[in-house]
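# Fold and contact review
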Amino acid sequence: MARRSLPLLKHLLSSSSSSSTTPTLSRSVTYMPRPGDGAPRPVTLIPGDGIGPLVTNAVEQVMEAMHAPVYFEKYEVHGDMMRVPSEVMESIKKNKVCLKGGLTTPMGGGVSSLNVQLRKELDLYASLVNCFNLQGLPTRHQNVDIVVVRENTEGEYAGLEHEVVPGVVESLKVITKFCSERIAKYAFEYAYLNNRKQVTAVHKANIMKLADGLFLESCREVATKYPGIKYNEIIVDNCCMQLVSKPEQFDVMVTPNLYGNLVANTAAGIAGGTGVMPGGNVGADHAIFEQGASAGNVGNENLLEQKTANPVALLLSSAMMLRHLQFPSFADRLETAVKLPPLSLKHLQAKRWSDSVFAAVMKPNLYHNIVEVMATFQGNRI
Amino acid sequence: MPRPGDGTPRAVTLIPGDGIGPLVTNAVEQVMQAMHAPLYFEKYEVHGDMNRIPAEVIESIKKNKVCLKGGLRTPVGGGVSSLNVSLRKELDLYASLVNCFNLPGLPTRHENVDIVVIRENTEGEYAGLEHEVVPGVVESLKVITKFCSERIAKYAFEYAYLNNRKTVTAVHKANIMKLADGLFLESCREVAKKYPSIKYTEIIVDNCCMQLVSKPEQFDVMVTPNLYGNLVANTAAGIAGGTGVMPGGNVGADYAVFEQGASAGNVGKEKMVERKKANPVALLLSSAMMLRHLQFPSFADRLETAVKRVISEGKCRTKDLGGDSTTQEVVDAVIAHLD
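Residues numbered from 1 in each chain as written. Chains lettered and ligands numbered in written order. Predicted model: local features only at pLDDT ≥ 70, side-chain atom pairs only at ≥ 80, totals over all residues. Heavy atoms only, no water.

Let us now look at the pattern of salt bridges. Summed over all chains, the structure comprises 31 salt bridges over all chains. Among the ionic pairs, Glu290 of chain A bridges to Lys100 of chain A, the shortest N-O distance being 2.5 Å. Residue Glu290 of chain A is found in strand β12 (residues 287-291), and its partner Lys100 of chain A is found in strand β3 (residues 97-100); the two are separated by 190 residues along the sequence. Neither Glu290 of chain A nor Lys100 of chain A differs from the other in exposure class; each is buried. The salt bridge involving Arg52 of chain B is made with Glu90 of chain B; its shortest N-O contact spans 3.4 Å. In this pair, Arg52 of chain B sits in the loop between β2 (39-43) and α2 (55-64) while Glu90 of chain B sits in helix α3 (residues 83-90), placing the two residues 38 residues apart along the sequence. Owing to a relative accessible area of 53%, Arg52 of chain B belongs among the exposed residues under this scheme. In this structure Glu90 of chain B comes out as partly exposed when scored by relative accessible area, which is 40%. (Salt bridge = Lys/Arg side-chain N within 4 Å of Asp/Glu carboxyl O. Helix = DSSP H or I, 4+ residues; strand = E, 2+ residues; numbered from the N terminus. Buried < 20%, exposed > 50% of the residue type's maximum accessible area, 1.4 Å probe, protein only.)

Attention shifts here to the interface of chain B and chain A. In this assembly, 55 residues from chain B lie in contact with 54 residues from chain A. Counting the surface chain B buries against chain A, the share from its top three residues, Arg109, Lys178 and Leu231 of chain B, is 14%. Here chain B is connected to chain A by 21 residue pairs in polar contact (both at pLDDT 80 or more). In terms of residues, the side of chain B that touches chain A owes the most to one element, strand β7 (residues 137-145) of chain B, which gives nine residues. Where strand β7 (residues 168-176) of chain A meets β7 of chain B, nine bridges bridge the pair, whose relative direction is antiparallel. If you follow Ser171 of chain A over to β7 of chain B, its bridge partner there is Lys142 of chain B. (Contact = heavy atoms within 4.5 Å. Buried area = accessible area lost by both parts, 1.4 Å probe. Polar contact = N/O pair within 3.5 Å; in protein donor to acceptor, adjacent residues only side chain to side chain. Pairing = 2+ DSSP bridges.)

Residue and element names in this part refer to chain A. The strand order across the open sheet built from 10 strands is β2-β1-β3-β12-β11-β4-β5-β10-β8-β9, with neighbouring strands paired in mixed fashion. Either end of the sheet is taken by a strand with one partner, and the two such strands are β2 (70-74) and β9 (230-235). The sheet shows a mean angle of 25° between the axes of neighbouring strands, taken without regard to direction. (Axes fitted to C-alpha atoms, helices over the stretch in contact; angles between N-to-C directions.)

Turning our eyes to something else, we now look at unusual backbone geometry. The phi torsion at Asn195 of chain A lies on the positive side, around 60°, for a residue other than glycine. Inspection of the secondary structure assignment puts Asn195 of chain A in the loop between α5 (177-193) and β8 (198-203). Its identity is not glycine, yet Asn112 of chain B carries a phi of approximately 60°, on the positive side. By the element assignment, Asn112 of chain B lies in the loop between β4 (95-101) and β5 (114-120).

Below, the structure written as structure tokens:
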């Protein structure tokens, strides 16, 4: 085993020193914890429906293997319940952080989406999806690094519709200054704190003059307070076209609810698919981390039976969660392990996806366990 | 076999529009002259900052029943409503059609794209019914009616039937907007039953966007409400080569207006107007669609063949296709290829 892995080991070490594509730990200053920081933090876990339990189980296994100082309080919630049970809400309000899989939303008719209900009750007004090219994953578009910040509470998804007369339905799209302002503030703050250069507002104010006009005004006001960040606006249909032809021009995008949904999914699609993009919903007090784009997606029956659902999105989202909980070194280890180039390429083409990912990611410390990592995916007949 | 009198020239209303509009409509006029096509244009000046379309223009379109137009600039925010939209509403052009396909010789990241997006043009999110409830709170109405949903579904299936298309996909977001998009879906399903030979599927709009950028070959004809149609059409146009080459038009029961396919309100940038480098291909292909609509199929074929030959040769291309030619050069190349 060692003899076979030695040339691979040499190759990896030599390529990592020559190429700049190997992810390296960026934290050079030692992080000094305060006493009691290592105490395990509780996190609410909602497995959800469909492939949800499968991928959240993946996260649990990886967290255990890393000995991360989090423990999960699991709650069963299913998409066909009328509302989220009160004990789940209590738990999230106590822990302030939640990780969840998708909840099936029945189409048409009475029950409203539980994903949306959860976001409204906890007032998680910002939904963030980070779409970027992963090393080793071939896509048609290169140099993609887009963060889509989407208003999560109002707009077209307010859910206020009624049937005026049989055959005529009115659906209200509500835009308020309050919500537009806070999402714009969040987007600019995010750009400022993460050293991003540009914020683009996506709108359709040439047609919906008052509604999107109000959104634009709020964005412009907030933009004046951040002179170091470039601000521009783009009409949503032109935006879609630019996304598929020249995605490298976009950096941070702030959008109302509906456009954000479509733009996030398009951006996720060009960068590798919704199975690998991390994301989360953030409010003033709480945060819920879930698969980035298409968060309500629970997969189809096939994926469930063959157990080949992609856990990468949820793993990267849990890395975001670890950072949110102030455990940056664990987050770095997890991200490095997931992004490791041989892992990304070979394992994303593997049939027994989930198992092989566990095997490789379970040894997340690149520099100490590199031989085991090599042996692991050598041993898996891919 | 033409009937006597079929060769008499037909009148077509022409609205050059703003920005690059006059440039590209001029291109069409030149090509039509070179082909000796049996039609003549009645030109009318309309600009985006007018309050409404002048009455004589509407009269002319109602008389001729066919119109070709460039883009009309829509001011962003505030009072004036879009003239493109008000034209469609007045003439009740309820179906907007964009045909997105790979042109041979034009390299794109996606292959095997041949999508027709049929978009409801009159209601939905673009009804323009908004008001400020209190300062800082705006409500915008999205209206979906059974009547409009049914006729757009019928149009889509009829189009698929007459053009030998295999699949019609309805794009919706009925898991969130249950009543509104649910009504749209119901209408589509009812109409689908009458066309058993055409496959009917439904797809949620965010998944649709993702599938468009990863596996566009799975889509054939797509029928959508107003807003999703706008975004899906632009995305599909983008993956197939850009909005500068996709033909399209707006069709109603009595009238038809042909214009650049996706992003029809786009009037281009100042630089393009100055340097005269706008891409006329979209409007040329749209005018070919118009020739077919006027029952002049052989002229339409000649025009399309010439345009496709110019693109595939690759010598004369405007900036958005990777070349550096001016509009006039492309037009000359197309005229040279007419046989």
